[in-house]
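Here is what each chain is made of, one letter per residue.
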Amino acid sequence: MSTVYPLDPASPAAGHVRTLLQARERKLRAEVEATRTRGASDPLRVARESTDRGEEAEAEVENGINDAEVARDVAELRAIGEALARLEAGHYGQCRDCDELIDERRLAAEVFAVRCTACQGRFEQARARRG
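The structure reproduced in this document is the subject of the present report. Every value quoted in this text rests on a predicted model; they were computed, and no experiment measured them.

## Focus: the environment of Q120
Secondary-structure assignment places Q120 in helix α5 (residues 117-130). With a relative accessible area of 14%, Q120 lands in the buried category. Separated by 24 residues in sequence, Q120 and R96 have C-alpha atoms that sit 9.8 Å apart. With near-sequence residues (within four places) excluded, Q120 lies in contact with R106 and R115.

Pasting the structure below:
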């Protein structure tokens, strides 16, 4: 049996999606906290304790990786928050650009998808041309 989109916020299907989104949100928050804790005490400590330029470079790379991980996780947390808002508003499963329904296989693969496959393709092409 196929799911009917956009989801009614009170439906069992919406409850399932909500549970998936909230579980991912908890996991990401824990990852962000762990990443921040890894270098939060003093991000420059490793660089100051370095004995040579190689160790300094390693410390800078590690700090850059940590920053990138946090940025990626925070972006996904924003997407999850937006998906939860769409779910509560009764718009979950509806494309942001064309208002058509997003294929349920796409939503199963990326539960916080905001665009149908066609609109996502156009969005990515436009972004590639700009950047």
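Moving on, there is more to tell.
## A short note on the nonpolar core
Ranked by internal contacts, the top residues of the largest apolar core, which has 23 residues, are L7, V17, L21, Y92 and F112. For this core, the elements supplying multiple residues, two or more each, are α1 (12-40) and α3 (53-89). If sequence neighbours within four positions are ignored, L21 has contacts with I80, A83, L84, V111 and F112.

## Examining the side chain of D73
The residue D73 is located in helix α3 in this model. Sequence-distant contacts of D73, defined by excluding residues within four places in its chain, comprise L28, E31 and V32.

## Details of the pattern of salt bridges
For the structure shown, the criterion picks out seven salt bridges. Across the pair E76 and R24 runs a salt bridge whose closest N-O atoms are separated by 2.7 Å. With E76 in helix α3 and R24 in helix α1, this pair connects stretches of sequence that are 52 residues apart. The partner of R105 in a salt bridge is D103, and the shortest N-O contact between them spans 2.9 Å.

## Considering unusual backbone geometry
Notably, D99 is not glycine yet its phi reads approximately 65°, a positive angle. With respect to the element layout, D99 can be found in the loop between α3 and α4 (104-109). Judged by relative accessible area, D99 falls into the exposed class, the value being 52%.

## Digging into the packing of aromatic side chains
Counted according to the given criterion, the structure contains one aromatic pair. For the ring pair Y5 and Y92, a centre distance of 6.3 Å and an interplane angle of 45° mean the geometry is tilted. With a gap of 87 residues between them, Y5 in the segment before α1 and Y92 in the loop between α3 and α4 connect regions that are remote in the sequence. Take Y5 and Y92: they sit in the same class, and that class is buried. The lysine or arginine in question, R115, covers the ring of F123, its NZ or CZ lying 3.8 Å from the ring centre.

## Some details on the layout of surface pockets
Quantified by volume, the largest pocket comes out at close to 180 Å³. Around the largest pocket, the lining is made up of 13 residues, and of these E110, V114, R115, Q120 and F123 lie nearest the centre. Going through the elements one at a time, α3 and α5 are the ones with two or more residues in the lining of the largest pocket. At four residues, the largest contribution of residues to the lining of the largest pocket is made by α5.

Cut-offs applied
Residues numbered from 1 in each chain as written. Predicted model: local features only at pLDDT ≥ 70, side-chain atom pairs only at ≥ 80, totals over all residues. Heavy atoms only, no water. Helix = DSSP H or I, 4+ residues; strand = E, 2+ residues; numbered from the N terminus. Buried < 20%, exposed > 50% of the residue type's maximum accessible area, 1.4 Å probe, protein only. Contact = heavy atoms within 4.5 Å. Core = buried A, V, L, I, M, F, W, Y, C linked by side-chain atoms within 4.5 Å. Salt bridge = Lys/Arg side-chain N within 4 Å of Asp/Glu carboxyl O. Phe/Tyr/Trp six-rings, centres within 6.5 Å; stacked < 30°, edge-to-face > 60°. Lys NZ or Arg CZ within 6 Å of the ring centre and 35° of its normal. 1 Å grid on protein atoms, 1.4 Å probe; cavity = no way out; pocket = protein on both sides within 12 Å on 5 of 7 lines; lining within 4 Å. Points joined across faces, edges and corners; volume = space filled by probe spheres on them.

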